[in-house]
Protein chains: 2
Amino acid sequence: MTKKSPSPEAIVAWARLMRVSRQLVERTEDALKANGLPPLAWYDVLHELAEAGEGGLRPFELIDRVLLAQYGVSRLLARLEADGLVEKLPVSDDGRGQTVRITASGREMRRRIWAIYGASITELMGDRLSAKELGVLAGLLGRLRDPPVTD
Amino acid sequence: MTKKSPSPEAIVAWARLMRVSRQLVERTEDALKANGLPPLAWYDVLHELAEAGEGGLRPFELIDRVLLAQYGVSRLLARLEADGLVEKLPVSDDGRGQTVRITASGREMRRRIWAIYGASITELMGDRLSAKELGVLAGLLGRLRDPPVTD
DNA sequence: TCCTTATCAATGCAATTGCATCTATATGGA
DNA sequence: TCCATATAGATGCAATTGCATTGATAAGGA
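Residues numbered from 1 in each chain as written. Chains lettered and ligands numbered in written order. Predicted model: local features only at pLDDT ≥ 70, side-chain atom pairs only at ≥ 80, totals over all residues.

Would you explain the protein's contact with DNA strand C in this entry?
As a matter of local geometry, DNA strand C sits amid 19 residues, with Gly 95 of chain A together with Phe 60, Tyr 71, Ser 74 and Gly 97 of chain B nearest to it. Residue assignment for the surface near DNA strand C shows that the elements contributing at least two residues are helix 4 (70-82) of chain A together with helix 3 (59-65) and helix 4 (70-82) of chain B. Considering every element that reaches the surface near DNA strand C, the biggest residue donor is helix 4 of chain B, with five residues. Classifying every residue of the surface near DNA strand C by side-chain character gives six nonpolar, six polar and seven charged. (Near = placed C-beta within 6 Å. Helix = DSSP H or I, 4+ residues; strand = E, 2+ residues; numbered from the N terminus. Nonpolar A, V, L, I, M, F, W, Y, C, P; charged D, E, K, R; others polar.)

So what exactly am I meant to see when it comes to the UniProt feature "domain: HTH marR-type" (unreviewed entry) in chain A here?
With numbering matched to this structure, UniProt assigns "domain: HTH marR-type" (unreviewed entry) to residues 10-146 of chain A. With 69% helix and 7% strand, residues 10-146 of chain A has its two end C-alpha atoms placed 18 Å apart. (UniProt positions renumbered as here; feature names shortened; annotations may be inferred.)

Explain the protein's contact with DNA strand D here, please?
Taken together, 19 residues are adjacent to DNA strand D, and Phe 60, Tyr 71, Ser 74 and Gly 97 of chain A together with Gly 95 of chain B come closest. Of all the secondary-structure elements, those providing two or more residues to the surface near DNA strand D are helix 3 (59-66) and helix 4 of chain A together with helix 4 of chain B. For the surface near DNA strand D, the element with the most residues is helix 4 of chain A, which contributes five residues. Across the surface near DNA strand D, the residue classes tally to six nonpolar, six polar and seven charged.

What should I look at first to understand the interface of chain B and chain A in this one?
One frequently used descriptor of interface size is the decrease in accessible area upon assembly of the parts. Facing 46 residues of chain B, the contacting portion of chain A comprises 47 residues. At the level of elements, helix 1 (8-34), helix 5 (104-126) and helix 6 (131-142) of chain B are the ones that each hand at least two residues to the side of chain B that touches chain A. No other element matches helix 1 of chain B, which puts 16 residues into the side of chain B that touches chain A. In terms of residue class, the side of chain B that touches chain A is built from 25 nonpolar, nine polar and 12 charged. (Contact = placed C-beta atoms within 7 Å.)

What exactly am I supposed to notice about the relation of the copies chain B and chain A here?
The operation relating the pair of chain copies consists of a rotation about an axis and a translation along that axis. Screw-axis analysis of chain B against chain A gives a translation of 0.0 Å along the axis, an RMSD of 0.0 Å, and a rotation angle of 180 degrees. On this basis, the relationship between the two copies can be described by a two-fold rotation axis. Comparing interface residues between copies, 100% of those in chain B also lie at the interface in chain A; the contact surface is shared. (Least-squares fit on C-alpha atoms with pLDDT ≥ 70 in both.)

Quick question: what am I supposed to make of unusual backbone geometry here?
Leaving glycine out, the prevailing phi sign among residues is negative, and the prevailing peptide bond configuration is trans. Unlike most non-glycine residues, Leu 67 of chain A shows phi in positive territory, near 55 degrees. With respect to the element layout, Leu 67 of chain A can be found in the loop between helix 3 and helix 4.

In this structure, what is going on with helix 6 of chain B? I would like to understand it.
Residue pairs three or four apart in sequence face the same way in an α-helix, which turns once every 3.6 residues. In this model helix 6 of chain B runs 16 Å from its N-terminal to its C-terminal C-alpha over 12 residues, within 8% of the 16 Å that 1.5 Å per residue would give. Three or more residues of helix 6 of chain B are buried, namely Leu 134, Leu 137, Ala 138, Leu 140 and Leu 141 of chain B. In an axial view of helix 6 of chain B, the angular spread of the buried residues amounts to 165 degrees, which keeps them on one side of the axis. The inward-facing, buried residues of helix 6 of chain B contact helix 1 (8-34) and helix 6 (131-142) of chain A together with helix 5 of chain B. (Expected span 1.5 Å × (residues − 1). Buried ≥ 20, exposed ≤ 12 C-beta atoms within 10 Å, placed from the backbone. Arc of directions from axis to C-beta.)

Structure follows, in structure tokens:
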């Protein structure tokens, strides 16, 4: 039960991770705003729905994919629908649910966001580390993924 | 002006960074909440003020250190003050500003948060990577810091 | 000195988020 | 079939955040 206090190396790595990730997000969000585009979360959802294809996705399937709370997904989808970027279809075998599908304008919006988002990734990551370094970074980050639930 | 689209390696590293950092923050915030403690941002400010010592800090000095907007700092300090964790002192040579200093309860709160926060860092980072790997990670992340302003 | 501009910090208002709860349908057992 | 429980999704309300602006003092030049 008693947790060891973190090593200096862990603290430094943690601090860098917190700071850098926030800076990168902020920079990217600023770039999107500057181009009159919606936040990154919109891209995440549109991306998942585009990948999912014509079958679409159920809202609950988006929760883990975009790391949003249930009500967050519910309201984000409402905004996307209001903007005509997605459409909700009743699903035959479950009267509680619906299927969400990306529309043509949704795909178009996704492309427009990617033009800026992709450029941001290039500028902030791709141009700063070599392919090999990016691989090492991704590998190390992968080891931190999906922390198992501690009960 | 035309930005190259990102390499697959950059995209993977970016995606991992975005996802992992959010998961780690979420996990840590959850642990704090579960222990009836305030959010990480409170710790950040209390930590900076503790480091600053008796002289305290001006609010504008906190802006870059904790990566918060000016109004974010203003309101967070108001909450901290309301909880008696910091105190605001007029500053003699600048009638516009104030100096913010951590109080005894502020230091105590910082300790209580660290007990949980530190344990979280150990569990989520320290226990998952070796000291050498943590060093490599910190080094790579350091290369992504403080992206120069593109004008 | 006077005036213009810059800086520090706070705040009104709208949008978003978090929390708890609610409605509706589904599922599984008695 | 009926009921208790579980799951899908939405929403009321409070707290927080973002944006734009304001009030107040400072700084610097004419």
